[in-house]
2 protein chains.
Amino acid sequence: MRTIKLTLAYDGTDYVGWQRQARGRSIQGEVERALAEIEGRVVIAVGAGRTDAGVHALGQVAGVQLAHGIETCALVRAVNAKLPPDIRVLGAEVAAADFHARYAARRKTYRYNLASGAVASPFGRRYAWHFRHALDVDAMRAAAAAFGGRHDFAAFQAAGTEVASSVRTVRSVSVEPADVVFGVPPPAAAPGLTIEVVGDGFLRHMVRIMVGTLVAVGSGRVPATQVQAILASRARERAGPTAPPHGLFLVAVDY
Amino acid sequence: MRTIKLTLAYDGTDYVGWQRQARGRSIQGEVERALAEIEGRVVIAVGAGRTDAGVHALGQVAGVQLAHGIETCALVRAVNAKLPPDIRVLGAEVAAADFHARYAARRKTYRYNLASGAVASPFGRRYAWHFRHALDVDAMRAAAAAFGGRHDFAAFQAAGTEVASSVRTVRSVSVEPADVVFGVPPPAAAPGLTIEVVGDGFLRHMVRIMVGTLVAVGSGRVPATQVQAILASRARERAGPTAPPHGLFLVAVDY
């Protein structure tokens, strides 16, 4: 039995999320089905993080145990041949027998696309949150600085979530002007912003609530200086709305 | 009655093309339906070019005649509110009464996305033609030069097409290395190429056959020097295959 570490990219638009659910197509379910066809028995894929319905990945990681002796390069081709085109295995490598994609993850990088302009691009509707008004980048950067470091992020998790501890360490939050180009060259690029968050772990909806709060700051509804108080309050209702899933990408998981 | 010039962007993936068809959803049909709801009667939208099923537009132009006195800015908002999100009106302006989007077009710009890499990006599957192997850019550029100028492009039109003349003027064909980024920031960018073609008019499938031929050159199957002979032959079977529609964008129409 070998433990294999798979790196995956997917367009989450048409899925119920990473995790297998009673109803609907999940990324995990598709990956497990493709692997089971190769392995000839049930395979469990352990993901580094459970991306929500509609959230995308550029570098999700999953660990699987395979008895089949197929070479990793051939495995990538074989799994991709059985996966739908909106899910791709980018790479496979043999990992330590005790590798656990979730517990062993040291750092995760998420990115969120914001687009602005009078009209939402048809090419961005699946990949960016669109605003008609411009966002105040300086205010958003000032607010974002408050997230850095070790904090109790209870105000930034989905209401009703039960976790042992809501303390997490955010290593960096950057807010960068970026043309958000959608499969198409510059003329179609929408002026936009990219918010990148790096941390050791994230609570449910944490990145999306951080983004929703930064957008509230950038839109002038919440002063940048208030983010520290929102964190300290540990009260979900003090933070901004949960940003929609389609702008969010799990970029990478580091071990 | 005013003549209005509309500029449109659309993701052509889920449409039978610009032109209304007996079956299936067309861009023209959707635009006409939205306008008819505002105008209260049937509206005909004359497109600058008939993009094929699956082809996208960043700057298609359509002319319409409206009795309704709505201001152009309000018209853009009203039409977009009635259109599906994969079709957007980018702008509207009052044109000369005799403006005809097709006949008056002086120049059209098309762009084609090619992506390369071992694994096709899930974010490119709707917007680029993917190759596992690298393409020889220098050879493609040498071949592309042969297209420039006034030629009989009979070898580069869909077989069985009837037109009065297959002579067209191609102003430029550029082949540029370009990271093809799909709604997502650089880590997800696939190394690729962009082929841009500017001309006074195009035959049916002309850009796609030009691209198919350039790809045959870039893959080493056809020598770059042969393109001139293919043009001169006026024989469709001498040219390369028709590139798939999903990599093609109508970028702009100039008047």
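Student: Would you mind going over the pairing of strand β8 (residues 167-177) of chain A with me for this structure?
Tutor: Successive residues of a regular strand alternate their side chains across the two faces of the sheet. Residues and elements named next belong to chain A. Pairing between strand β7 (residues 149-152) and β8: four bridges, direction antiparallel. Bridged to Gly149 within β8 is Val170. Sheet analysis places β8 next to strand β9 (residues 192-199), joined by seven bridges and oriented antiparallel. When the bridges of β9 are listed, Val175 appears paired with Ile195.

Student: Explain the environment of B:Ala143 to me, please; I cannot follow it from the model alone.
Tutor: All names here are of chain B. Mapped onto the elements, Ala143 comes out in helix α3 (residues 137-145). Between the C-alpha atoms of Ala143 and Gln228, which are 85 residues apart in sequence, the distance is 8.2 Å. Dropping the residues within four chain positions of it, Ala143 is found in contact with Leu214, Val217, Ala224 and Val227.

Student: Help me understand the domain arrangement of chain A in this model?
Tutor: Often the size quoted for an interface is simply the accessible area lost on bringing the parts together. Residue and element names in this part refer to chain A. As assigned here, chain A comprises domain 1 (2-95) and domain 2 (107-254). Taking only C-alpha atoms, the centre of domain 1 and the centre of domain 2 are 27 Å apart. Each partner contributes to the interface: domain 1 provides 16 residues, whereas domain 2 provides 14 residues. Here domain 1 packs against domain 2, burying approximately 1,200 Å² in sum over the two surfaces, 55% of which is carbon and sulfur. Looking at the side of domain 1 facing domain 2, the largest losses of area belong to Asp52, His56 and Leu58, adding up to 38% of the total buried there. At the boundary of domain 1 and domain 2, one finds two salt bridges. Class assignment of the residues belonging to the side of domain 1 that touches domain 2 gives a composition of six nonpolar, seven polar and three charged.

Student: Can you walk me through the packing of aromatic side chains in this structure?
Tutor: What describes a pair of aromatic rings is the distance from one ring centre to the other and the angle between the planes of the rings. The tally for this structure, following the rule as stated, stands at 22 aromatic pairs over all chains. Measuring from centroid to centroid gives 5.1 Å for B:Phe99 and B:Tyr255, while their planes differ by 65 degrees, and the two rings are edge-to-face. In this pair, B:Phe99 is assigned in the loop between β4 (87-95) and β5 (107-116) and B:Tyr255 in the segment after β10 (248-254), connecting sequence segments 156 residues apart. Judged by centre distance (5.2 Å) and plane angle (85 degrees), the ring pair of B:Tyr110 and B:Phe202 falls under edge-to-face. With B:Tyr110 in strand β5 and B:Phe202 in the loop between β9 (192-199) and α4 (206-218), the pair connects residues that are 92 residues apart, well separated along the chain. By relative accessible area, B:Tyr110 is classed as buried at 9%. The class of B:Phe202 is buried, set by a relative accessible area of 17%. Taken together, A:Tyr112, A:Trp129 and A:Phe131 form an aromatic cluster joined through their ring pairs.

Student: Any chance you could explain the pattern of salt bridges here in plain terms?
Tutor: For side chains of opposite charge, pairing can occur when their charged atoms come near one another. One pass over the full model with this rule turns up 30 salt bridges over all chains. Here A:Asp11 makes a salt bridge to B:Arg125, at a shortest N to O gap of 3.4 Å. With A:Asp11 in the loop between β1 (2-10) and α1 (27-39) and B:Arg125 in the loop between β5 and β6 (129-131), this pair bridges two chains. Of the residues examined, A:Asp11 reaches a relative accessible area of 0% and is grouped as buried. Notably, a salt bridge pairs B:Glu30 with B:Arg33, separated by 3.0 Å at the nearest N-O pair. Of this pair, B:Glu30 and B:Arg33 both sit in helix α1 (residues 27-39), three residues apart, roughly one helical turn. Judged by its relative accessible area of 12%, B:Glu30 falls in the buried class. Taking relative accessible area as the criterion, B:Arg33 reaches 33% and is therefore assigned partly exposed. Via salt bridges that share partners, A:Arg25, A:Glu30, A:Arg33, A:Glu37 and A:Lys82 belong to a single interconnected network.

Student: Would you mind showing me how to read α1(B) here?
Tutor: For the α-helix, the turn length of 3.6 residues means that residues three or four positions removed from each other point alike. Residues and elements named next belong to chain B. For α1, built from 13 residues, the straight-helix expectation of 18 Å at 1.5 Å per residue is met to within 8% by its first-to-last C-alpha distance of 18 Å. For α1, the secondary structure elements touched by its buried residues are β1 (2-10), β3 (56-66), α2 (72-82) and β4. Structurally, the start of α1 carries an N-cap: the backbone nitrogen of Gly29 is 2.9 Å from a side-chain oxygen of Ser26. Looking one or two places after α1, you find Gly40, whose phi comes out positive at around 80 degrees.

Student: Is there a simple way to think about the confidence of the model for chain A in this case?
Tutor: Detailed reading of the predicted model is not advised wherever pLDDT is low. All names here are of chain A. Looking at chain A, pLDDT values average 93 and 95% of them are 70 or higher. Per-element mean pLDDT across chain A ranges from 91 in strand β6 (residues 129-131) up to 98 in helix α4 (residues 206-218). pLDDT under 50 marks residues 182-187. Its contacts with residues more than four places away, or in other chains, come to 25 contacts. For this predicted complex, the interface confidence comes out at an ipTM of 0.83, alongside a pTM of 0.90.

What counts and what doesn't
- The residue numbers shown here count from 1 along each chain, following its written sequence.
- Chains and ligands are labelled by the order in which they are written, letters from A for the one and numbers from 1 for the other.
- Confidence filtering applies because this is a predicted model: local features only for residues at pLDDT of at least 70, side-chain atom pairs given and counted only at 80 or more, and all residues used for totals across whole chains, interfaces and linings.
- Hydrogens are left out, water is left out, and the side-chain values use all remaining heavy atoms of the structure.
- Between any two strands, pairing holds if DSSP finds at least two bridges.
- Strands here are runs of E lasting at least two residues and helices are runs of H or I lasting at least four, both read from the DSSP assignment and numbered beginning at the N terminus.
- Two residues qualify as a contact provided that any one of their heavy atoms is within 4.5 Å of a heavy atom in the partner residue.
- For the purposes of this description, domain bounds are those given by an automatic or database domain assignment.
- Here the buried area means the combined drop in accessible surface, using a 1.4 Å probe, for two parts upon being joined, counting both sides.
- Basic side-chain nitrogens of Lys or Arg form a salt bridge, by our definition, when they fall within 4 Å of a carboxyl oxygen of Asp or Glu.
- The residue classification treats Ala, Val, Leu, Ile, Met, Phe, Trp, Tyr, Cys and Pro as nonpolar and Asp, Glu, Lys and Arg as charged. All others, Gly included, are polar.
- The aromatic pairing rule takes the rings of Phe, Tyr and Trp, using the six-membered ring of Trp, and pairs them if the centres are within 6.5 Å, calling planes under 30 degrees apart stacked, those over 60 edge-to-face and the rest tilted.
- Summary of the burial criterion: residues with accessible area below 20% of their type's maximum are buried, those above 50% are exposed, and those between are partly exposed, where the area comes from a 1.4 Å probe applied to protein chains only.
- Expected span of a helix, by definition, is 1.5 Å for each gap between consecutive residues, and there is one gap fewer than residues.
- N or O atoms within 3.5 Å of each other form a polar contact, as long as, within protein, one can give a hydrogen and the other can take it, and as long as residues adjacent in sequence are counted only when both atoms are side-chain atoms.
- Confidence of the predictor at the level of single residues is given by pLDDT, which spans 0 to 100.

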